[in-house]
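Close look at the chain arrangement
So the chains spell out like this:
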Amino acid sequence: MGRSRRAFAMSGDEQRTPGYQGIFSLSGADGSGRPIEIILEESLLQSNGGSVTLGRDNSLSSIVIDDDTVSRQHARFVVSGNELTVEDLNAVNGVYIQHHGFLEPFVPIVVPHGTVLEFGETKLTVSYEEGTRSSNSGASRDALPIGTWLRDYRIEDVLGQGGFGITYRCRDTRLNTLVAIKEFMPQDLAVRINGSDVVPSMPSKQELFDRYRDHFMREARGLAGFNHPNIVRVLSNFEANGTTYTVMQFEDGETLERHLIRQGGRLTESGIRTIFLSILDGLSAMHQVGLLHRDISTNNIIVRRNGDAVLIDFGSLRQAMDVPIGNNNFARSAQTYLDGYSPPEIYTIRGRRIRSTDIYSLAAVIYRVAVGVPPPPAPDRTNAIANNDPDILVPLQQQRINGYSVEFLSAIDWALSLKSKDRPQSIDEWRVRLGSKYLNKSVKNIEEKSGSRLNIFSAVFNFQGRLPRRYVWIYTLFYIVAFLLSNIMADINHISENDKEIIFLVQFFVLIWTSVAIFSKRFHDIDRSGWWALLSAIPVFGLPLLLMACGFQRGTPGPNRFGAQQP
């Protein structure tokens, strides 16, 4: 196994933050296919001076891999804060990073969540999970002490710390119930003083701190009115200690990432179905009221003890941080999106976040479940295509993954399209492609009706449902021909002028009724309100305006809020 010319090095000015803020793990298999799971626990790191060595010789390495292609002392891992670095100890077969290349010996580099490392024929995936540390393993250096009171809530544990805040498990002493409280504590902007107060780390960061704190509060208040069993419930929000706190329902379970690690790294379609259906239901309900999650990953899905799941940790604060204010270095550094789970539009300030943004991320989660690793990062995919190289993402249909239907894999591949317009535009549309097992009751009813033949009377006189654009042109042509024929017949039969006026009035009212019915369903087909069809009431110009407005545009693919797509 030779070395390539491409290698990695970490710049010397990259700073390390002390302390352990989460748990890193390595999962995969050796060259013989035997499963491997390594959890870099804090106790393991502390007992080895903050680092661990991986190799074949148990006298030289604390992590022993029984694989002849692994050197006696192959690589060294160091955990610092929420970063994991790996260093090639000049091993014979080197350390290879999938999609990138070999490391330079003795040059440590940071490896983020989802990175696939190869040590000879042993292949391991890096996973990072926030919020796995318990009170027994020590609190974060920035966290409030256990036992601290926040109004009527007493802190019992630190659940996790991310780039934007710290989450605590607290006891509501009035109701004697558990809640989760998230404190706004951006690591790059703020520090804690006097053991409790949160203040900007520098006077120049005051404006940014105030802006993001206000956004944190608005996000909580906006979510407080939303209630769905598969979306974490926001209960209240309050200010204290110079910052703001969001009180949420406590979810007793484990992250999907931890669940996958316990299950050997991946699940079959039947094994993920309950979890997937739960998130589909929750995400669909969010989208229907205009909310987006923006940060779906295996670490932001909690698997409950009963097997269903709940989405946590909304990412709209991160989107707000994308918009620079003057020389906003923090806005750029705060884009800590998990590689592989975010679509291309997340990485750009001007990228438009829509429902298909969340759909891409959820599809990436299913890819991780099916394959064992997340898909390649979207920027790497777009860069490959920009260089006229093939997309580095191998479609799931081509990977011949056992335990999954072709229909299901095809739907996941569709949702992982790089262009947002090429993905499903709604959860309901995606459900239809995923298969009958993923349809909820409303979509099943839509799907059952979608193949039925169109009733002509319903098409012309009913205001409900959808019509494809060809019916608009058929209707227009039919009405013009009928109008001309009626006038010709009136002249042939020498109908009086008074009778002609009566015929004209009847034709006019029939035209208004039928055109409103036809065009309202045509507007439904492009996912717009049928009220636009009232343009037909405008004398002379009404019909031409309607033809220009909806006679040329394609309908929304699949079901939308107005019903099934007509064949």
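None of the values given here were measured: they were computed from a predicted structure.

1. Observations regarding the pattern of salt bridges
- Under the definition given, this model contains 22 salt bridges.
- Of the charged contacts in the structure, one is a salt bridge between Asp157 and Arg169, with a shortest N-O distance of 3.8 Å. Highlighted residues: Asp157 in strand S13 (residues 153-161) and Arg169 in strand S14 (residues 165-172), separated in sequence by 12 residues.
- Overall, the relative accessible area of 7% leaves Asp157 in the buried class.
- For Arg169, a relative accessible area of 23% gives the class partly exposed.
- Arg423 is the partner of Glu345 in a salt bridge, and the nearest nitrogen-oxygen pair spans 2.8 Å. Placement of the pair is Glu345 in the loop between helix H6 (329-333) and helix H7 (355-371) and Arg423 in the loop between helix H10 (406-415) and helix H11 (427-434), with a sequence separation of 78 residues.
- The exposure class assigned to Glu345 is buried, which follows from its relative accessible area of 8%.
- Note on Arg423: relative accessible area 1%, which makes it buried.
- Counted as one network, the salt bridges with shared partners bring together Arg154, Glu156, Asp157, Arg169 and Arg171.

2. Quick look at the sheet that holds S14
- One open sheet holds the 6 strands; their spatial order is S12-S13-S14-S15-S19-S18, and the pairing between them is antiparallel. In the strand order of this sheet, the two ends are held by strand S12 (149-150) and strand S18 (234-240), each with one partner.
- Alignment of strand S15 (residues 177-184) against strand S19 (residues 243-249), held across 5 bridges, turns out to be antiparallel. Note on S19: the bridge partner recorded for Ile181 is Val247.

3. Notes on the UniProt feature "binding site: ATP" (unreviewed entry) in the protein chain
- Taking the numbering used here, the UniProt-annotated feature "binding site: ATP" (unreviewed entry) corresponds to Lys182.
- Among the secondary structure elements, Lys182 is positioned in strand S15.
- In this view, Lys182 contacts Ile166, Thr167, Phe216, Thr244, Tyr245, Thr246, Met248 and Asp313; residues no more than four positions away in its chain are not counted.

4. Points about H7
- In this model, H7 (17 residues) spans 25 Å end to end at C-alpha, consistent with the 24 Å of a helix rising 1.5 Å per residue.
- Most of H7 is tucked away: 15 of the 17 residues are buried.
- Phi for Gly372, located one or two positions after H7, is positive at around 105°.

5. A word on the sheet that holds strand S6 (residues 83-88)
- What the 5 strands build is an open sheet, ordered S4-S3-S5-S6-S9; its pairing is mixed. Both outer strands of the open sheet, strand S4 (63-64) and strand S9 (109-110), are each paired with one neighbouring strand and no more.
- Both strand S5 (residues 75-80) and S6 contribute to a ladder of 6 bridges, which runs antiparallel. Residue pairing for S6: Val79 is matched across the bridge by Leu84.

6. Focus on the pairing of S15
- Among the 8 residues of S15, 6 are classified as buried, and the element is accordingly described as predominantly covered.
- By the bridge criterion, 8 bridges tie S14 to S15 in an arrangement that is antiparallel. From the neighbouring strand, Arg171 faces S15, where its bridge partner is Leu178.
- As consecutive antiparallel partners, S14 and S15 are separated by 4 residues, and within that stretch Asn176 has a phi angle of approximately 55°, a positive value.

7. Here we look at the packing of aromatic side chains
- For the coordinates displayed, the defined rule picks out 9 aromatic pairs.
- Ring centres of Phe276 and Trp430 lie 5.7 Å apart, and the angle between their planes is 80°; on these two criteria the pair is classed as edge-to-face. You can see Phe276 sitting in helix H4 (residues 269-288) and its partner Trp430 sitting in helix H11, a full 154 residues away along the chain.
- By way of ring pairs, the aromatic residues Phe276, Tyr404, Phe408 and Trp430 are connected into one cluster.
- In this structure, Arg433 packs its charged tip against the face of Trp414, placed 4.2 Å from the ring centre.

8. A closer look at a nonpolar patch on the surface
- A contiguous nonpolar surface patch, about 840 Å² in accessible area, is contributed by Leu477, Ile480, Val481, Phe483, Leu484, Leu485, Ile488, Met489 and Ile492.
- Tracing the backbone through its elements, the reader meets Phe483 in helix H14 (residues 469-492).
- Take Phe483: its relative accessible area is 33%, and that puts it in the partly exposed class.

Parameters and conventions
- Residues numbered from 1 in each chain as written.
- Predicted model: local features only at pLDDT ≥ 70, side-chain atom pairs only at ≥ 80, totals over all residues.
- Heavy atoms only, no water.
- Salt bridge = Lys/Arg side-chain N within 4 Å of Asp/Glu carboxyl O.
- Helix = DSSP H or I, 4+ residues; strand = E, 2+ residues; numbered from the N terminus.
- Buried < 20%, exposed > 50% of the residue type's maximum accessible area, 1.4 Å probe, protein only.
- Pairing = 2+ DSSP bridges.
- UniProt positions renumbered as here; feature names shortened; annotations may be inferred.
- Contact = heavy atoms within 4.5 Å.
- Expected span 1.5 Å × (residues − 1).
- Phe/Tyr/Trp six-rings, centres within 6.5 Å; stacked < 30°, edge-to-face > 60°.
- Lys NZ or Arg CZ within 6 Å of the ring centre and 35° of its normal.
- Patch = residues over 30% accessible without salt bridge, like charges linked within 9 Å, V, L, I, M, F, W, Y side chains within 5 Å.
- Areas by Shrake-Rupley, 256 points an atom, 1.4 Å probe, with all protein chains shown as cover.

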